[in-house]
Protein chains: 2
Amino acid sequence: MSLPHAILTALLEKPSSGLELTRRFDRSIGYFWSATHQQIYRELGKLEESGLIRALPSEVPARGRRKEYEVLPEGRRELCRWVERREDPKVGRDPLPLRLRAAGVVGLRNLVPELARHRDLHLARLREYEEFERRDFPGGALTEQQRVQLLVLRGGIDMERGWVSWLTRAVDELGGG
Amino acid sequence: MSLPHAILTALLEKPSSGLELTRRFDRSIGYFWSATHQQIYRELGKLEESGLIRALPSEVPARGRRKEYEVLPEGRRELCRWVERREDPKVGRDPLPLRLRAAGVVGLRNLVPELARHRDLHLARLREYEEFERRDFPGGALTEQQRVQLLVLRGGIDMERGWVSWLTRAVDELGGG
DNA sequence: TCTTGCATGTAACTCGTTACATGATTTG
DNA sequence: CAAATCATGTAACGAGTTACATGCAAGA
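Keep in mind it's a predicted model, so treat the numbers as computed, not measured.

Student: When you look at the domain arrangement of chain A in this model, what are you seeing that I'm missing?
Tutor: Quite often, the size of an interface is put as the accessible area lost when its parts meet. Considered domain by domain, chain A is made up of domain 1 (3–84) and domain 2 (96–175). Distance from the C-alpha centre of domain 1 of chain A to the C-alpha centre of domain 2 of chain A: 29 Å.

Student: Could you clarify how one ought to interpret the protein's contact with DNA strand C in this entry?
Tutor: Near DNA strand C lie 25 residues; those nearest to it are Met 1, Gln 38 and Gln 39 of chain A together with Leu 19 and Tyr 41 of chain B. When the atoms of DNA strand C within 4 Å of the protein are grouped by moiety, sugar and phosphate amount to 50% of the total. For DNA strand C, a phosphate oxygen lies 3.1 Å from a polar atom in the side chain of Lys 46 of chain A. The contact in question runs from a base nitrogen of DNA strand C to an N or O atom on the backbone of Gly 64 of chain A, over 3.4 Å. Mapped onto the surface near DNA strand C, the elements with two or more residues apiece are α3 (37–49) of chain A together with α2 (18–26) and α3 (37–49) of chain B. Residues that form the surface near DNA strand C fall into these classes: six nonpolar, nine polar and ten charged.

Student: Any chance you could explain the packing of aromatic side chains here in plain terms?
Tutor: The description of an aromatic ring pair rests on the distance of the ring centres and on the angle between the ring planes. Within this structure, the stated rule accounts for six aromatic pairs over all chains. Residues Tyr 31 of chain A and Phe 132 of chain A carry aromatic rings whose centres are separated by 5.5 Å and whose planes lie at 40° to one another, so their mutual orientation is tilted. Of this pair, Tyr 31 of chain A sits in the loop between α2 (18–26) and α3 while Phe 132 of chain A is found in helix α6 (residues 111–136), placing the two residues 101 residues apart along the sequence. Taking the centre distance of 5.9 Å and the plane angle of 55° together, the rings of Trp 163 of chain A and Trp 166 of chain A count as tilted. Placement of the pair is Trp 163 of chain A and Trp 166 of chain A together in helix α7 (residues 144–175), with a separation of three residues, close to one helical turn. With respect to class, Trp 163 of chain A is no different from Trp 166 of chain A; both count as buried. One aromatic cluster in this structure is built from Tyr 31, Tyr 129 and Phe 132 of chain A. Above the plane of the ring of Trp 33 of chain B lies Arg 93 of chain A, whose end atom (NZ or CZ) is 4.6 Å from the centre.

Student: What is the right way to look at the packing of helix α5 (residues 96–106) of chain A against α7 of chain A in this model?
Tutor: Helix packing for two helices is described by the angle between their axes and how far apart those axes are. All names here are of chain A. Look at α5 against α7: their axes get within 13 Å of each other, and the N-to-C directions meet at 20°. Comparing the axis directions of α5 and α7 gives the class roughly parallel. Between α5 and α7 the crossing geometry is left-handed. Touching Leu 96, Pro 97 and Leu 100 of α5 are Trp 163, Trp 166, Leu 167 and Leu 174, all from α7.

Student: Help me understand the relation of the copies chain A and chain B in this model?
Tutor: In this arrangement, two copies of a chain are superimposed by a rotation about an axis accompanied by a shift along the axis. Between chain A and chain B, the superposition needs a rotation of 180° and an axial shift of 0.0 Å, giving an RMSD of 0.1 Å. What we have between these two chains is a two-fold relation. Among all residues of chain A, the minimum C-alpha distance to the rotation axis is found for Gly 162 of chain A, at 2.8 Å. Take the interface residues of chain A: 100% of them recur as interface residues in chain B, which is what a same-surface contact looks like.

Student: Just to check I follow, could you spell out the sheet that holds strand β2 (residues 53–55) of chain A for this structure?
Tutor: Adjacent strands of a sheet pair through backbone hydrogen bonds, lying either parallel or antiparallel. Residues and elements named next belong to chain A. Strand order in this open sheet of three strands is β1-β3-β2, and the pairing throughout is antiparallel. Taken across any chain shown, the strands that pair with only one partner, and hence form the sheet edges, are β1 (16–17) and β2. Direction of pairing for β1 relative to strand β3 (residues 68–71): antiparallel, over a ladder of two bridges. Residue pairing across strands places Ser 17 opposite Glu 68, the latter belonging to β3.

Student: Explanation requested: the protein's contact with DNA strand D in the structure shown.
Tutor: Surveying the vicinity of DNA strand D reveals 23 residues, the closest of which are Leu 19, Tyr 41 and Lys 67 of chain A together with Met 1 and Gln 38 of chain B. Per the 4 Å cut-off to the protein, sugar and phosphate atoms form 54% of the nearby atoms of DNA strand D. Here a base nitrogen of DNA strand D sits 2.7 Å away from a polar atom, N or O, in the side chain of Gln 38 of chain B. Note that a phosphate oxygen of DNA strand D is positioned 3.4 Å from one of the side-chain N or O atoms of Arg 65 of chain B. Elements with a minimum of two residues in the surface near DNA strand D: α2 and α3 of chain A together with α3 of chain B.

Calculation notes
- Residues numbered from 1 in each chain as written.
- Chains lettered and ligands numbered in written order.
- Predicted model: local features only at pLDDT ≥ 70, side-chain atom pairs only at ≥ 80, totals over all residues.
- Heavy atoms only, no water.
- Domains from an automatic or database assignment.
- Near = heavy atom within 4 Å.
- Polar contact = N/O pair within 3.5 Å; in protein donor to acceptor, adjacent residues only side chain to side chain.
- Helix = DSSP H or I, 4+ residues; strand = E, 2+ residues; numbered from the N terminus.
- Nonpolar A, V, L, I, M, F, W, Y, C, P; charged D, E, K, R; others polar.
- Phe/Tyr/Trp six-rings, centres within 6.5 Å; stacked < 30°, edge-to-face > 60°.
- Buried < 20%, exposed > 50% of the residue type's maximum accessible area, 1.4 Å probe, protein only.
- Lys NZ or Arg CZ within 6 Å of the ring centre and 35° of its normal.
- Axes fitted to C-alpha atoms, helices over the stretch in contact; angles between N-to-C directions.
- Parallel < 35°, antiparallel > 145°, perpendicular 65-115°, else oblique.
- Left-handed = near helix turned anticlockwise from the far one by under 90°.
- Contact = heavy atoms within 4.5 Å.
- Least-squares fit on C-alpha atoms with pLDDT ≥ 70 in both.
- Pairing = 2+ DSSP bridges.

Here you go:
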């Protein structure tokens, strides 16, 4: 039950249309939660029906016409409940370690270059995050919201560092052997 | 499409019944991929129907009687194809960073103790993994399969270290004010 | 016989993915 | 007006979650 809450958060940060949300899920929000436009439109429909958000009034509502949403008080309350909820960590869902374990059984085949490719992708993402950190949080006084956003970004940084560290060693050890 | 391949890998490592697989998905395999018994039985049915695995012959096949499966040659070939496939990394799917970002909008409420709780859970898991490393890989000559298994374990270790590092700093910075 | 644990399943629902369909607006 | 782009959606399916149903076997 995370996508509706991700959408509520995004809409509280800034009221948006479905396509704008989709773009934001490809950028900032997308760094730690992904969603396609199909998921987003489906979820917007549900959230509107259950009275957590509403479409802003517009001239001629019709298919293909831009439709902007904002969060209603009940939506904000639901988001608060979600933040306060106690919820256990989920296990990872990247299939790469699984593929490595499979390679332990059927042989490494051509997996090492794939490990190296993933290492490069994670490294690129790490550099990108570090760049955001420099550019968007250049020191000095921060509001609480900014401090929290910086922490979220650093979460991404620590995770990517974990991947890079692991994959570097993996390529190193398997590549030479 | 990862669960069927996780099951094929597990069955190649050791032919098992559905319940045994479930237990293994709560232990070693479960450290990087989770599955409930319902998922597993459903998937075993599909894999058997498509000729990738078969049930070992038993005396009286009946509901409630143990049923053991093994991988057929076609199943092994499918697993090889999967290992060789090129597949991009998936973004994380733990909702905690999302909840922190939501807290940036609706206020921290009671989230810091929850962050501390997650830090402790990840730390406990990290200790567990490090214990496995000491106990199951005590140095000396390793087969290729063992080297790969050790790498997978170290992947888990690096990820957990990432979580612990992040959550420690988060609690530290937010807890004090 | 009753309970407990082992073991295999069904059903219903939600969430995520892929492919496709359709209308509105802008710009060459 | 043609093409590109903006924008909203449908349909079908696969994967994950939760609740429940059923049967077998061993020991108190």
